[in-house]
Amino acid sequence: MQIVTPEFGLIFWQLVIFLVVLFLLAKFAWKPILSSLKEREDSIETALRMADQAKLEMQLLKASNEKLLAEARQERDRMLHEATQMATQLIDQAKNKATEEGGRMIVQAREAIQNEKNAALAEVKNTAAQLSIDIAERILRRELTDSAAQQQLVDSYLKDVKLN
Amino acid sequence: MLLMKRLLIALFCILSLPVFANEPAATQAEATEKEAFNPGEMILHHIGDSHEWHWFSTDNNHLTTYLPIIAYRPGQGLTVFSSKRIAEGEAYEGLKLEHEHLVAEDGGKVYDFSLTKNAFALLLSSIMMLVVFSIVANGYKKRQGSAPKGLQSFMEPIIMFIRDEIAKKSIGPKYERYMPYLLTVFFFIWFNNLLGLTPGAANLTGNIAVTLTLAMLTLLITLFSSNKYYWGHIFATPGVPMWLRPIMIPVELIGVITKPFSLMVRLFANITAGHIVILSFISLIFIFRSIAVAPVSLAFGLFINVLELLVAILQAYIFTLLTAMYIGGAVEEHHDADLQIGGGDGAAPAHGHGH
């Protein structure tokens, strides 16, 4: 019977000591331990969340990078295309211009040739006329001396002229 | 197969123990001169409290630590002296021990505040707890934000288990207020259960005064944190017809008391029973007066002792879990759905009336 009869003294000591232990542990052990645990859990959670966020940001960055790259590629292609186009255009233009210029020069040359030719012909005509006059002059002068010789002379002159 | 056989033998031994235990007691009356071994008396002496700390005895000598007697007698005031003065049954300052019970010679009232073996063990284990957990708390201060180490890493999973599996699940969002009590009660019971298994130590958690105090604290915390739903459940149990209330209200009120009562008895009985079983196995050697019984006794004693190591933490867990459940039942916010179902506790497993 004694073991199931609570002793008053022990209840007293148990109550006092347990409450003191409870108070001391609550203040100096459980409070810092639980708050540290919570702090650590919170920091782990924040770290995880931040890692997730960083991953998301990385993905976004990668996507935007890729977009930029694609845009740049497109731009480059466009620029290349434009440059080619411009180059061909320029070449064409130059070619056209050259042809035109050539044509114009040929025409000019032709004109010049024609002019020269005309001038030459005129000069020939002039020279021929001069010669004719000279011949005529000489004939006229010979006629005054001998008519047979005059005829011979005229013939020889004419022969000369023909040779010319 | 071998284990089964051993268990059967163990069972047989336990069942037949009272016969052996009674035999010497019966013969003792006839032959009082022959000092027969009385296992019942020995066991009760070992599991009970005492005013001195008896370590061991040889044939002629006893190694005993005498603890202070502190007695208060109305009119005479406080008396303090060493228990050595009354150890052999003599009286000192009008006080004497009768079966480890302090009484006054003149039959007056005595309030015994002595630092008994249990009170002394309580002091020692409390100091041990304070030392252990200040080391753990220091670890958190020293390694703020980094991984736990040593004693800290041993205690951390247990503390987290109590927080996550016991407090959070049983109490709910208001668990934080009750964490200090739950943690203290868990480690107090566990430490003292383990210390109680140490040879020569006191059987503190197997003492009804200690479990009574712990259960009372649980009851007080439950009552002081109870809300209107808790009392509503007691005085107007949902789903119970009006005419049944005169029966239901006393039943529910008794339920308030039986919860801590069961806590008190469960811890006391489990720990005391474990000690009794171990001591019984050891007693077998002296009952048979044969050294040949020793190996068997020791094997079973060891088996039960290892089992008691498990029981030590299990009982601490159960006490803490049930305390958390009772608190959880008191602070729980009921939903309207409960009233419609009217099933009472069936729908809410956290109540646990049956424990």
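Residues numbered from 1 in each chain as written. Chains lettered and ligands numbered in written order. Predicted model: local features only at pLDDT ≥ 70, side-chain atom pairs only at ≥ 80, totals over all residues.

## Structural notes on the overall build of chain A
A count of helices and strands for chain A gives two helices and zero strands. In terms of C-alpha radius of gyration, chain A reaches 63 Å, well past the compact-globule figure of 15 Å for 164 residues. Overall, the C-alpha framework of chain A stretches about 200 × 25 × 15 Å when taken along its three principal axes. (Helix = DSSP H or I, 4+ residues; strand = E, 2+ residues; numbered from the N terminus. Rg over C-alpha atoms; globule rule 2.2 N^0.38 Å.)

## Let's talk about the interface of chain B and chain A
Across the contact, 40 residues belong to chain B and 30 residues belong to chain A. Mapped onto the side of chain B that touches chain A, the elements with two or more residues apiece are α2 (39–47), β7 (111–112), α3 (117–142), α4 (151–171), α5 (179–197) and α6 (208–224) of chain B. Counting residues per element, the side of chain B that touches chain A draws most heavily on α3 of chain B, which supplies 13 residues. Taken together, the residues of the side of chain B that touches chain A sort by class into 24 nonpolar, 13 polar and three charged. (Contact = placed C-beta atoms within 7 Å. Nonpolar A, V, L, I, M, F, W, Y, C, P; charged D, E, K, R; others polar.)

## Regarding the packing of α4 of chain B against α5 of chain B
All names here are of chain B. Between α4 and α5, the least distance of the axes is 10 Å, while the angle of their chain directions is 120°. The pairing of α4 with α5 is recorded here as oblique in orientation. Regarding α4 and α5, the two cross each other, and that crossing is right-handed. Between α4 and α5, the residues in contact are Ile159, Ile162, Arg163, Ile166 and Ala167 and Met179, Leu182, Leu183 and Phe186, respectively. Tallied by class, residues from the contact of α4 with α5 come to eight nonpolar, no polar and one charged. (Axes fitted to C-alpha atoms, helices over the stretch in contact; angles between N-to-C directions. Parallel < 35°, antiparallel > 145°, perpendicular 65-115°, else oblique. Left-handed = near helix turned anticlockwise from the far one by under 90°.)

## Focus on the sheet that holds strand β4 (residues 77–82) of chain B
All names here are of chain B. Here three strands make up an open sheet; going across it, the order is β4-β3-β7 and the pairing antiparallel. Either end of the sheet is taken by a strand with one partner, and the two such strands are β4 and β7. Bridge count between strand β3 (residues 68–73) and β4: six bridges; the pairing is antiparallel. Each residue of the ladder has a partner; that of Arg73, found in β4, is Gly77. (Pairing = 2+ DSSP bridges.)

## Focus: the domain arrangement of chain B
Each domain of chain B was delimited in the assignment, giving domain 1 (62–115) and domain 2 (118–346). Spacing between the C-alpha centres of domain 1 of chain B and domain 2 of chain B amounts to 33 Å. (Domains from an automatic or database assignment.)

## Here we look at the UniProt feature "transmembrane region" (unreviewed entry) in chain A
The feature "transmembrane region" (unreviewed entry), as given by UniProt, occupies residues 12–30 of chain A in the numbering adopted here. With 100% helix and 0% strand, residues 12–30 of chain A has its two end C-alpha atoms placed 25 Å apart. (UniProt positions renumbered as here; feature names shortened; annotations may be inferred.)

## Digging into the pairing of β3 of chain B
All names here are of chain B. Hairpin connection between β3 and β4: a loop of three residues separates the two successive antiparallel strands, and Gly75 in this loop has a positive phi of roughly 95°. Here two bridges tie β3 to β7, and the two strands are oriented antiparallel to one another. The partner of Tyr72 across the bridge, within β7, is Tyr111.

## Concerning the UniProt feature "coiled-coil region" (unreviewed entry) in chain A
Per the UniProt record, "coiled-coil region" (unreviewed entry) is found at residues 37–130 of chain A. Taken end to end, residues 37–130 of chain A comprises 100% helix and 0% strand; its first and last C-alpha atoms sit 133 Å apart.

## A closer look at the pairing of strand β2 (residues 62–66) of chain B
All names here are of chain B. Within β2, only zero of the five residues are buried, which leaves the element largely exposed. With five bridges joining them, strand β1 (residues 52–57) and β2 adopt antiparallel strand pairing. By the bridge assignment for β2, Ser57 is matched with His62. Between β1 and β2, which pair antiparallel one after the other, the connecting turn spans four residues. (Buried ≥ 20, exposed ≤ 12 C-beta atoms within 10 Å, placed from the backbone.)

## Observations regarding the environment of Ala119 of chain B
Take Ala119 of chain B: it is sitting in helix α3. Here the alpha-carbon distance between Ala119 of chain B and His51 of chain B, two residues 68 residues apart in the chain, equals 9.6 Å. Leaving out residues up to four positions away in the same chain, Ala119 of chain B has contacts with Leu10 and Trp13 of chain A.

## Some details on unusual backbone geometry
Residue and element names in this part refer to chain B. A positive phi is found at Glu93, a non-glycine position, where the angle reads about 50°. Along the chain, Glu93 turns up in the loop between β4 and β5 (95–98). One non-glycine residue, Arg289, lies in positive phi territory at about 50°. Looking at where Arg289 falls in the secondary structure, it is placed in the loop between α8 (245–288) and α9 (294–331). Since 8 C-beta atoms lie within 10 Å of it, Arg289 is described here as exposed.

## Thoughts on the nonpolar core
Within the largest apolar cluster, 60 residues are counted, with the highest numbers of intra-cluster contacts made by Ala167, Leu182 and Phe186 of chain B. The set of elements that each furnish at least two residues to this core consists of α1 (8–143) of chain A together with α3, α4, α5, α6, α8 and α9 of chain B. No other element matches α9 of chain B, which puts eleven residues into this core. In this structure, Phe186 of chain B is in contact with Ile162, Ala316 and Thr320 of chain B, ignoring residues within four places of it in sequence. (Core = buried A, V, L, I, M, F, W, Y, C linked by C-beta atoms within 7 Å.)

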